[in-house]
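Single-letter residue listing:
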Amino acid sequence: GDSVTQMEGPVTLSEEAFLTINCTYTATGYPSLFWYVQYPGEGLQLLLKATKADDKGSNKGFEATYRKETTSFHLEKGSVQVSDSAVYFCALSYTTGTASKLTFGTGTRLQVTL
Amino acid sequence: NAGVTQTPKFRVLKTGQSMTLLCAQDMNHEYMYWYRQDPGMGLRLIHYSVGEGTTAKGEVPDGYNVSRLKKQNFLLGLESAAPSQTSVYFCASRTRGLRGDTQYFGPGTRLTVL
């Protein structure tokens, strides 16, 4: 079946450091790919998405590119802030046949310090 | 426009007790989902619904029942709670059809079963 694998955390960075969170997936078809973010005590929010190969999703300085050849969707940000401290989830879904169910990775906790 | 709301926010149960979690959305979404979040396991789908009066099993449905009598509400029931059901429960909703459409999440319900 489909699955998503994320790098284990926690990831601890100093403010203004470069961030990469790795995500790879196994899928039988051509899913859409997502990054969701969960701030402490809150639900998940969509951070960015990509719906086909070579698409780049971007939002709030974060970006990720849908790489079909390496089945990856790595999250990057050039300069992190303390306010980026959160748990980041990579996920995939299909539009048809599966009621658009999301399959999540286990999440990566990011902690940014001054 | 409140988005997705969940009731209650916190609950403590004793083993064998029953309870119902309520999810409500005001976005006229067709699809609704219940997830549980456990440390190191990401989010796992319990049940979902593709429309009023329909429900289907997700990845981890045992011990839970659901109902979708109204389009805007999706109820998750625990008939006889067990300590293994201690978790944070999230509801989500989305519109039907378009590739890559976002799931919107509620703030979560933290349930402890003693």
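One can find the structure itself at the top, above this paragraph.
Residues numbered from 1 in each chain as written. Chains lettered and ligands numbered in written order. Predicted model: local features only at pLDDT ≥ 70, side-chain atom pairs only at ≥ 80, totals over all residues. Heavy atoms only, no water.

## With respect to the overall build of chain A
The condition is simple: Numbering of helices and strands runs from the N terminus; a helix is a DSSP stretch of H or I covering at least four residues, while a strand is a stretch of E covering at least two. Buried means the residue's accessible area, taken with a 1.4 Å probe over protein chains only, is under 20% of the maximum for its type, while exposed means over 50%, and partly exposed covers the values in between. Residue contacts are counted whenever heavy atoms from the two residues lie within 4.5 Å of one another. Note on areas: Shrake-Rupley with a 1.4 Å probe; residue coverage comes only from the protein chains shown. We treat Lys and Arg as the positive residues and Asp and Glu as the negative residues; His and chain ends play no part in the count. Throughout, a charge is located at the NZ atom of Lys, the CZ atom of Arg, the CG atom of Asp or the CD atom of Glu.
Looking only at helices and strands, chain A features zero helices and twelve strands. In chain A, the succession of helices and strands from N to C terminus is β-β-β-β-β-β-β-β-β-β-β-β. Dimensions of chain A, computed from the C-alpha atoms along their principal axes, are close to 45 × 30 × 20 Å. In chain A, buried positions account for 46% of the 114 residues. The long-range share in chain A, meaning contacts at least 24 apart out of those at least 6 apart in sequence, stands at 55%. Of the roughly 5,300 Å² that chain A leaves accessible, carbon and sulfur atoms contribute 47%. Within chain A, one finds 9 positive and 11 negative side-chain charges whose respective centroids are separated by 7 Å.

## Things to note about the pairing of strand β8 (residues 62–65) of chain A
Residues and elements named next belong to chain A. Stated precisely, the cut-off is as follows: Only when DSSP finds a minimum of two bridges between them are two strands counted as paired.
As paired elements, strand β7 (residues 56–59) and β8 share four bridges and run antiparallel to each other. Looking at β8, one finds that Asn59 is bridged to Phe62. Pairing geometry for β8 and strand β9 (residues 75–77), over two bridges, is antiparallel. Bridge pairing links Glu63 to Glu76 in β9.

## Structural notes on unusual backbone geometry
The omega torsion across Gly9(A) and Pro10(A) is 0°, close enough to zero to call that bond cis. Backbone torsion omega between Thr7(B) and Pro8(B) reads -5°, so that peptide bond is classified as cis. Counting through the fold element by element, Pro8(B) comes out in the loop between β1 (4–7) and β2 (10–13). Of note in this structure, Thr71(A) is not a glycine but carries a positive phi near 45°. Checked against the element boundaries, Thr71(A) lands in the loop between β8 and β9. Taking the relative accessible area as the measure of exposure, Thr71(A) reaches 30% and is therefore partly exposed.

## Some details on the interface of chain B and chain A
This is how it is decided: One speaks of a salt bridge when a side-chain nitrogen belonging to Lys or Arg is within 4 Å of a carboxyl oxygen belonging to Asp or Glu. Here a polar contact means two N or O atoms within 3.5 Å. Within protein one must be a hydrogen donor candidate and the other an acceptor candidate, and residues neighboring in sequence count only if both atoms are side-chain atoms.
Contact residues are listed per partner, giving 23 residues for chain B and 22 residues for chain A. Counting across the chain B and chain A interface gives zero salt bridges. On inspection of chain B and its partner chain A, the count reaches two residue pairs in polar contact (both at pLDDT 80 or more). Those elements that provide at least two residues to the side of chain B that touches chain A are β4 (31–37), β5 (43–49) and β9 (87–94) of chain B. In terms of residue count, β4(B) provides more of the side of chain B that touches chain A than any other element does, four residues in total.

## Things to note about the nonpolar core
All names here are of chain A. This is how it is decided: Note on terminology: a nonpolar core comprises buried Ala, Val, Leu, Ile, Met, Phe, Trp, Tyr and Cys residues joined through side-chain atoms within 4.5 Å.
One finds Leu19, Trp35, Leu47, Leu48, Phe73, Leu75 and Tyr88 to be the most contacted residues of the largest nonpolar core, which totals 27 residues. For this core, the secondary structure elements donating two or more residues are β2 (11–14), β3 (19–21), β4 (23–26), β5 (32–38), β6 (44–50), β8, β10 (86–93) and β12 (108–113). For this core, the element with the highest residue contribution is β10, accounting for four residues. If we skip the residues at most four places from it in the chain, Leu75 touches Leu19, Thr20, Ile21, Trp35, Leu47, Leu48, Phe62, Glu63, Ala64 and Tyr88.

## Brief notes about the sheet that holds β3(A)
Residue and element names in this part refer to chain A. Threshold: Geometry is summarised by axes, namely lines fitted to C-alpha atoms with helices restricted to the contacting stretch, and by angles between N-to-C directions that run from 0 to 180 degrees.
The four strands lie next to each other as β3-β9-β8-β7, forming an open sheet whose pairing is antiparallel. At either margin of the open sheet sits one strand with a lone partner, and together these are β3 and β7. Averaged over neighbouring strand pairs, the angle between their axes works out to 15° when direction is ignored. Pairing analysis gives three bridges linking β3 to β9, with the strands arranged antiparallel. Its bridge partner lying in β9, Leu19 is registered against Lys77.

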